[in-house]
Amino acid sequence: MDSSEQASASSSHSSTTTDLPIITSLKPNEYIKGLNEEHITRLTKDAFKHFVDYTKAELQLTVDDCQLLETMNKATTEKYVQMNQMSQRLMKEMSKLQNTYADFSDFIQQIEDIHEQSIQMEKTAKALDEYSKYLENKLLTAINKQGLE
């Protein structure tokens, strides 16, 4: 087979496998060259379209991630504001409790002083009771001695 027969065989083979119309104005070598250029152009366009779609999807994912982070930051900020307000309220309540304790500490000290005084009075009362019993016994013994004499 010479080159013109190979070209016609490959062109008839190409047209049956790719179902492309035969261009009669081109010579077989130019047709294959044009087919390759068309095929490369189509593949390039497809690759570029896929690249654009991929890039758009990646950018959309980045935007979605940024929006999610923004939402999370807002939620975190709201929680911290609530926690700050709660801690401020707790600080005020603790201050009130400390002031109340300070007010009551004087009364508590007075109660403790009164308790100590009552213990001392009880000890004194016991001592007086014992002394009065001693005096009573001594008086009874003295009366009994006078009555016997």
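In this convention, every chain numbers its residues from 1, walking through the sequence in written order. Reporting of local features is limited, given that this is a predicted model, to residues whose pLDDT is at least 70; pairs of side-chain atoms are given and counted only at 80 or more, and all residues count toward the totals for whole chains, interfaces and linings. Water and hydrogen atoms play no part in the side-chain values, which are based on all heavy atoms of the structure.

1. Quick notes on the overall build of the chain
- Numbering goes from the N terminus for both helices and strands, where a helix is a DSSP run of H or I of at least four residues and a strand is a run of E of at least two. Along the backbone of the chain there are two helices and zero strands.
- Scored against the burial criterion, the 149 residues of the chain give a buried share of 4%.
- With residues, only the protein chains shown are counted as cover, and all accessible areas are computed by Shrake-Rupley using a 1.4 Å probe. Accessible area of the chain: about 13700 Å², with a carbon and sulfur share of 61%. Exposure categories follow from relative accessible area, calculated using a 1.4 Å probe and restricted to protein chains: below 20% of the type maximum is buried, above 50% is exposed, and the middle band is partly exposed.

2. Regarding the packing of aromatic side chains
- To pair, rings of Phe, Tyr and Trp, with the six-membered ring standing in for Trp, must have centres within 6.5 Å; the planes then decide the type, stacked if under 30 degrees apart, edge-to-face if over 60, and tilted in the middle. Taken as a whole, this structure holds two aromatic pairs when the rule is applied.
- Ring geometry for F104 and F107: centres 6.3 Å apart, planes at 55°, overall tilted. In this pair, F104 and F107 are both assigned in helix α2 (residues 28–148), three residues apart and thus about one turn of the helix distant.
- Here F107 falls in the partly exposed class, since its relative accessible area comes to 47%.

3. A few points about a nonpolar patch on the surface
- Patch construction takes residues with relative accessible area above 30% that form no salt bridge. Like charges are linked within 9 Å, and nonpolar side chains (Val, Leu, Ile, Met, Phe, Trp, Tyr) are linked within 5 Å. Here, a salt bridge means any Lys or Arg side-chain nitrogen found within 4 Å of an Asp or Glu carboxyl oxygen. On the surface, a nonpolar cluster with roughly 450 Å² of combined accessible area is contributed by Y101, F104, F107 and I108.
- Along the chain, the position of I108 falls in helix α2.

4. Here we look at the pattern of salt bridges
- Overall, the coordinates contain four salt bridges when judged by the stated rule.
- Between D53 and K49 there is a salt bridge, with the nearest N and O atoms lying 3.3 Å from each other. One end of the pair is D53 and the other is K49, both in helix α2 and four residues apart, which spans about a single turn.
- A relative accessible area of 35% places D53 in the partly exposed class.
- Judged by its relative accessible area of 47%, K49 is partly exposed.
- With its nearest N and O atoms 3.6 Å apart, the salt bridge here joins E70 to K74. Residue E70 and its partner K74 are both found in helix α2; the two are separated by four residues, about one turn of the helix.

5. Some thoughts on the confidence of the model for the chain
- Note: pLDDT gives the predictor's confidence per residue, expressed from 0 to 100. Residue-level pLDDT values for the chain average 83, and 76% of them are 70 or greater.
- Contacts from residues 1–18, a stretch scored under 50 in pLDDT, to residues over four places away or in other chains number seven contacts. By definition in these notes, contact holds between two residues if any of their heavy atoms fall within 4.5 Å.

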